[in-house]
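# Notes for the structure review
Residue-level listing of the chains:
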Protein chains: 2
Amino acid sequence: MATVSRVVNHNHNVKPATEQKVMEVVKRLNYRPNDVARGLASKKTTTVGVIIPNVTNSYFAALARGIDDIAEMYQYNIILTNSDGDEQKEVKALNTLYSKQVDGIIFMGHELCPAVRVELEAERIPVVLAGSVDPDNEFPNVNIDYQAAVHNQVNNLLASGNQRIAFVAGELNRSINRDFRIPGYQAALSAQQQPVATELLFEAGNYDEGYALCDDLVKNRVTAAMVSNDEAAAGIMNGMNDRGITVPGQFEVATSDNTKLTEMTRPTLSTITQPLYDVGAVAMRLLTKLMDNQVVEQKQVLLPFGLKQRGSTKAS
Amino acid sequence: MATVSRVVNHNHNVKPATEQKVMEVVKRLNYRPNDVARGLASKKTTTVGVIIPNVTNSYFAALARGIDDIAEMYQYNIILTNSDGDEQKEVKALNTLYSKQVDGIIFMGHELCPAVRVELEAERIPVVLAGSVDPDNEFPNVNIDYQAAVHNQVNNLLASGNQRIAFVAGELNRSINRDFRIPGYQAALSAQQQPVATELLFEAGNYDEGYALCDDLVKNRVTAAMVSNDEAAAGIMNGMNDRGITVPGQFEVATSDNTKLTEMTRPTLSTITQPLYDVGAVAMRLLTKLMDNQVVEQKQVLLPFGLKQRGSTKAS
DNA sequence: TTGAAAGCGCTAACAT
DNA sequence: ATGTTAGCGCTTTCAA
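Predicted model only: the values in this text are computed from it and were never measured. (Residues numbered from 1 in each chain as written. Chains lettered and ligands numbered in written order. Predicted model: local features only at pLDDT ≥ 70, side-chain atom pairs only at ≥ 80, totals over all residues. Heavy atoms only, no water.)

The next thing to look at is the packing of aromatic side chains. Residue and element names in this part refer to chain A. Counted under the stated rule, the structure contains six aromatic pairs over all chains. Seen from their ring centres, Tyr59 and Phe60 are 4.9 Å apart, and the 80 degrees between their planes marks the pair as edge-to-face. Overall, the relative accessible area of 10% leaves Tyr59 in the buried class. Looking at Phe60, the relative accessible area reads 4%, which means it is buried. Summarising the aromatic geometry, the rings of Phe167 and Tyr185 are spaced 5.6 Å apart at their centres and angled 45 degrees between planes, so their arrangement reads as tilted. Here Phe167, found in strand S6 (residues 165-169), pairs with Tyr185, found in helix H8 (residues 175-191); they are 18 residues apart in sequence, far enough to count as distant. (Phe/Tyr/Trp six-rings, centres within 6.5 Å; stacked < 30°, edge-to-face > 60°. Buried < 20%, exposed > 50% of the residue type's maximum accessible area, 1.4 Å probe, protein only. Helix = DSSP H or I, 4+ residues; strand = E, 2+ residues; numbered from the N terminus.)

Once that is clear, we can look at the interface of chain B and chain A. At the interface, 48 residues of chain B touch 48 residues of chain A. When the buried surface of chain B facing chain A is broken down by residue, Arg32, Arg65 and Met264 of chain B rank first, second and third, together holding 17% of it. One can count 12 salt bridges joining chain B with chain A. Where Asp84 of chain B meets Arg65 of chain A, a salt bridge forms, and the shortest distance between an N and an O atom there is 2.2 Å. (Contact = heavy atoms within 4.5 Å. Buried area = accessible area lost by both parts, 1.4 Å probe. Salt bridge = Lys/Arg side-chain N within 4 Å of Asp/Glu carboxyl O.)

What follows is about the relation of the copies chain B and chain A. In screw terms, the move from chain B to chain A is a rotation of 180 degrees and a rise of 0.0 Å along the axis, fitting with an RMSD of 0.1 Å. Here the symmetry operator amounts to a two-fold rotation axis. If distances are taken from each C-alpha of chain B to the rotation axis, the shortest is found for Ile79 of chain B, at 2.2 Å. An overlap of 100% is found between the interface residues of chain B and their copies at the interface of chain A, pointing to a shared contact surface. (Least-squares fit on C-alpha atoms with pLDDT ≥ 70 in both.)

Our focus in this paragraph is the protein's contact with DNA strand C. Neighbouring residues of DNA strand C: 23 residues in total, closest Ser5 and Arg38 of chain A together with Arg6, Lys15 and Thr18 of chain B. Sugar plus phosphate, as a fraction of atoms of DNA strand C within 4 Å of the protein: 64%. One nitrogen or oxygen atom from the side chain of Arg6 of chain B is found 2.6 Å from a base oxygen belonging to DNA strand C. In this structure, a base oxygen belonging to DNA strand C sits 3.3 Å away from a main-chain N or O atom of Ala41 of chain B. (Near = heavy atom within 4 Å. Polar contact = N/O pair within 3.5 Å; in protein donor to acceptor, adjacent residues only side chain to side chain.)

Another aspect to go through is helix H5 (residues 87-99) of chain B. Given a rise of 1.5 Å per residue, 13 residues ought to cover 18 Å, and the 19 Å separating the end C-alpha atoms of H5 of chain B matches this to within 8%. Glu90, Val91, Ala93, Leu94, Leu97, Tyr98 and Ser99 of chain B are the residues of H5 of chain B that are buried. Considering only its buried residues, H5 of chain B is in contact with helix H3 (35-42) of chain A together with strand S1 (47-52), strand S2 (77-82), strand S3 (104-107) and helix H6 (114-122) of chain B. The first or second residue beyond H5 of chain B is Gln101 of chain B, which carries a positive phi of 60 degrees. (Expected span 1.5 Å × (residues − 1).)

The phi torsion of most residues other than glycine is negative, and most of the peptide bonds are trans. Here the amide bond leading from Val247 of chain A into Pro248 of chain A is cis, since omega sits at 5 degrees, within 30 degrees of zero. Within the element layout of this structure, Pro248 of chain A appears in the loop between helix H10 (230-242) and strand S9 (252-255). In this structure, Pro267 of chain B follows Arg266 of chain B across a cis peptide bond, with omega equal to -5 degrees. Tracing the chain through its elements places Pro267 of chain B in the loop between helix H11 (261-264) and strand S10 (270-273).

Turning next to the sheet that holds strand S12 (residues 306-308) of chain B. Residues and elements named next belong to chain B. Read from one edge to the other, the open sheet built from six strands follows the order S7-S6-S8-S9-S10-S12, with strand pairing classed as mixed. Every other strand in the sheet has two partners, leaving strand S7 (201-203) and S12 as the edge strands with one partner each. If you compare each strand with its neighbour and ignore which way they point, the axes differ by 20 degrees on average. Of the strand pairs in this sheet, strand S6 (residues 165-169) and S7 are connected by three bridges, and their pairing is parallel. In the strand pairing of S7, Ala169 is matched with Glu203. The sheet contacts of helix H9 (residues 207-219) involve S6 and S7, and relative to S7 the element is tilted by about 160 degrees. (Pairing = 2+ DSSP bridges. Axes fitted to C-alpha atoms, helices over the stretch in contact; angles between N-to-C directions.)

Residue and element names in this part refer to chain B. In the structure shown here, the tally under the stated rule is 38 salt bridges over all chains. The closest approach of N and O atoms between Arg65 and Asp69, which form a salt bridge, is 2.4 Å. With a gap of four residues between them, Arg65 and Asp69 both fall in helix H4 (residues 58-73), about one helical turn apart. Accessibility expressed as a relative area gives 6% for Arg65, which makes it buried.

This next bit is on the protein's contact with DNA strand D. Near DNA strand D, the surroundings consist of 23 residues, among which Arg6, Lys15 and Thr18 of chain A together with Ser5 and Arg38 of chain B are the closest. A share of 60% is what sugar and phosphate atoms reach among the atoms of DNA strand D within 4 Å of the protein. Going through the elements one at a time, helix H1 (2-8) and H3 of chain A together with helix H1 (2-8) and helix H3 (35-42) of chain B are the ones with two or more residues in the surface near DNA strand D. Take the surface near DNA strand D: its biggest share by element is four residues, from H3 of chain B.

All names here are of chain A. If you trace the backbone, Leu302 turns up in strand S11 (residues 300-303). As for Leu302 and Asp215, which are separated by 87 residues in sequence, their C-alpha atoms are 36 Å apart. Other than its neighbours up to four places away in sequence, Leu302 contacts Asn143, Ile144 and Asp145.

On to the domain arrangement of chain A, then. Looking at chain A, the domain boundaries give domain 1 (2-33), domain 2 (43-144 + 277-305) and domain 3 (146-273). The distance between the C-alpha centroids of domain 1 of chain A and domain 3 of chain A comes to 60 Å. (Domains from an automatic or database assignment.)

Residues and elements named next belong to chain A. Among the structural elements, Glu90 can be located in helix H5 (residues 87-99). Despite its burial, Glu90 remains without a salt bridge, the nearest opposite charge being carried by Arg174 at 8.8 Å. Once residues lying within four places of it in the same chain are set aside, the contact partners of Glu90 are Ile51, Ser83, Gly85, Phe107, Gly109, Glu111, Cys113 and Val116. (Lys, Arg positive; Asp, Glu negative; His and termini not counted.)

Mapped onto the fold, Asn77 of chain B is located in strand S2. Beyond its immediate chain neighbours, meaning those up to four positions away, Asn77 of chain B contacts Ile79, Thr81, Thr96 and Lys100 of chain A together with Thr46, Thr47 and Val48 of chain B.

Written out as structure tokens, the structure reads:
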């Protein structure tokens, strides 16, 4: 019994001869260890919970792929739950994951709302936020420097002479926007002595909303937009072109995620480049260390970003 | 002990008064049942394994969302594993899932290769294929009638006068192509007395491959393409336009999945419409019945499809 | 309607 | 290096 356990778990205190014998029987009987029993006895499930707003969102899907690949590499499985960024669903999902005794959690969300924070703090199981900011920087997380990225990209829009640049995000009041992107956007404007008007802040979180937003943009005499979501950016670009306002000639669009979509639209979309897969991968790698009780010096990691000027802006 | 178990599991043989008492203590002690112990004792984990080629593929991501929503509805959790459609990874993933004692499996793959089939048959745990064909129709599965869908869409390409219509898929030799789509394509050609030449069969499974394929297409004097993957279709369309061959004027493109991408490209892509979310949802619903030992009359389900003519074809 | 007891299939401490 | 034993935290008979 115990010896079989040792062999199966690659414990070293087994005589090679008996190991062979056990292996032979394991094969012959087609024995497969029961992970549930293992989990109960060892208090480790080699399973991590992943909360994602929506798998069909290509930004998060890219992170999820990075997460799963590294999880697999470290022999963990992933329990994936879509939350739609909804507080209720997030809390419910967390409770389910706790019941399932997951060894750790990767949380992705637009926002870290108080109820979720409480839930996360209540258990002492490791959590890492992936592509999701924690304004208090309390939890380990991996992101890029959204503020600097937006700042730089807006600089490009400024450089080509735009006087009224809009900032567009799914929900302006989310921490990632309120505390990082918008300050980056405003800092860029201020540095050029441009007024910072809230009337230039708009909401659009997907293609259709972006497309529909064009009327508002035109009404406000906006000539360029810094968008925080690739699909919304595509919607704005197509919407403008369909209204006879050509991009980038009469209107410039810059976006944030560098998903494959930015290469598939016409014109192609200028964007901030983020290592999406790596954000997920690094988050998972960090979580493995935490689950392994290793000491981690840097629990807040910022991955490098870049800017890619393509067809939707005039900048070269 | 046993009474608490009854209360937690909503067993009816409990006096309301004691139920209240138990509930009160549960709350006070912040008691949360351990699903692992539950799983060991009851031999049910309320977890299903989901094998997906790649979450970042929007076709499969859409199915995954449908799967997760229904799973959640029936109180199941999902263990998600990316396989890249690789036989080795699929087999490995299945074994891991079996060890984890999942109650059922949803399999998505480009192909149901022999090794996987063997693995699936070896265990008697329920499996449902989602958006993935089983040429032998041995396993429960939910799909659309790919053959008819392609046949109809090719008819439209024929109607606008094309004499050399290409068929493009990720891998021509996959069952879904070999046994369903290509026969549909060929039947449409044959019905119009058009020769069925293998030189009109091409491979491209993503945007870049589609884009690169254009040279071959031009070389072969192709004037229209029936593509089995939206991203590849976008690549072909952009590739043609970039080469000065305008779509749909000089080249028509029709695709298969109706992912959101088909509305985001310019021109927009004409496509077969499939209820992607529903394919996943119905598959999961079917699996719940199977896991519940309910008798299911129809284990092979074909969901309705449609055709949507947009900007990449001349047909109205 | 409730309690007592066995046991799910392992791991881990302990003994040998 | 191997065997023995005691749980892990529940569900599920079986009695009462």
